[in-house]
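Chain residues, written in single-letter form:
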Amino acid sequence: MRSNRIRRLVICALFAALAFVATVIPVPVPMLHGYVNIGDSVVLLCAYAAGGLFGALAAGAGCAIADITLSFALYAPATFVIKAAMAFCACLFFKKGGVIFRALGCVIAEIIMVLGYLIFEYFIYGAGCLASVPGNLVQGGANAVIGFCLISVLSKDKNLTKYLSGGSDGKKH
């Protein structure tokens with residue numbers, strides 16, 4: 001019992017760190033005149049590997065700390081809530097098992113991201129919040145595909161999945 005708690009804590013810390021790193025490393029996108037990051041693909045991995053609440057906490061913490069580090073502290077509380085909601089919702093779909101639910105979980109999580117930041121930015125920028133939607137859609141689409149591919153690969157490795165939280169793919173490990 002104690003080793004399960006320790007394992008879950010280590011997995012959460014690992015994925016929070018991975019979410020942080022994946023968020024702070026920019027991927028240039030010339031057509032957007034800016035950059036995106038692959039942090040959301042790790043948010044999806046958090047949901048798969050650490051499960052609902054623990055995956056949500058890991059995803060939210062890692063990405064919020066990245067915002068603070070990148071001088072976007074204003075966004076950190078919203079990021080924590082949005083990324084945690086993404087991971088928790090994705091986990092609900094991942095628990096159902098199967099490729100369709102895995103894909104649906106990834107897509108819905110990214111819709112939560114786009115809508116979450118749209119709502120948050122509305123209170124800061126008003127109608128100007130619409131300017132961030134195209135970039136968030138590109139980032140969300142790319143991360144949904146990357147996250148889906150990574151989770152699909154991980155789900156096939158039975159030696160690895162038995163060390164993860166268990167139950168996040170609908171099966172007991």
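The preceding data block contains the structure.
Parameters at a glance
- Residues numbered from 1 in each chain as written.
- Predicted model: local features only at pLDDT ≥ 70, side-chain atom pairs only at ≥ 80, totals over all residues.
- Heavy atoms only, no water.
- Axes fitted to C-alpha atoms, helices over the stretch in contact; angles between N-to-C directions.
- Helix = DSSP H or I, 4+ residues; strand = E, 2+ residues; numbered from the N terminus.
- Parallel < 35°, antiparallel > 145°, perpendicular 65-115°, else oblique.
- Left-handed = near helix turned anticlockwise from the far one by under 90°.
- Contact = heavy atoms within 4.5 Å.
- Nonpolar A, V, L, I, M, F, W, Y, C, P; charged D, E, K, R; others polar.
- Salt bridge = Lys/Arg side-chain N within 4 Å of Asp/Glu carboxyl O.
- Buried < 20%, exposed > 50% of the residue type's maximum accessible area, 1.4 Å probe, protein only.
- Phe/Tyr/Trp six-rings, centres within 6.5 Å; stacked < 30°, edge-to-face > 60°.
- Lys NZ or Arg CZ within 6 Å of the ring centre and 35° of its normal.
- Expected span 1.5 Å × (residues − 1).

Some thoughts on the packing of helix α2 (residues 39-50) against helix α3 (residues 52-69)
One way to put it is that α2 packs onto α3 with a least axis distance of 7 Å and a crossing angle of 150°. Judged on the interaxial angle alone, α3 and α2 are roughly antiparallel. In this structure, the crossing between α2 and α3 has a hand that is right-handed. Of α3, the residues touching α2 (which contributes Val43, Cys46 and Ala50) are Gly52, Phe54, Gly55, Ala58, Ala59 and Cys63. By residue class, the composition of the contact of α2 with α3 is 7 nonpolar, 2 polar and no charged.

Things to note about the pattern of salt bridges
Scanning all chains against the criterion turns up 1 salt bridge. Between aspartate 40 and lysine 83 there is a salt bridge, with the nearest N and O atoms lying 2.4 Å from each other. Taken as a pair, aspartate 40 in helix α2 and lysine 83 in helix α4 (residues 76-94) lie far apart in primary sequence, 43 residues in all. You'll find aspartate 40 and lysine 83 in the same group, each marked buried.

Regarding the packing of aromatic side chains
If you walk through the whole model with that rule in mind, you get 5 aromatic pairs. Judged by centre distance (6.4 Å) and plane angle (85°), the ring pair of phenylalanine 72 and tyrosine 75 falls under edge-to-face. Judged by its relative accessible area of 38%, phenylalanine 72 falls in the partly exposed class. When the ring of tyrosine 122 is compared with that of phenylalanine 123, the centres are 5.8 Å apart and the planes differ by 75°; the resulting orientation is edge-to-face. Lysine 96 extends its terminal NZ or CZ atom over the ring of phenylalanine 101, reaching a point 5.9 Å from the ring centre.

Here's the deal with helix α6 (residues 133-156)
Counted at 1.5 Å a residue, the expected span for α6 with its 24 residues is 34 Å, and the 34 Å between its end C-alpha atoms agrees. For α6, every residue scored as buried is listed here: Val133, Asn136, Gln139, Gly140, Asn143, Ala144, Gly147, Ile151, Ser152 and Ser155.

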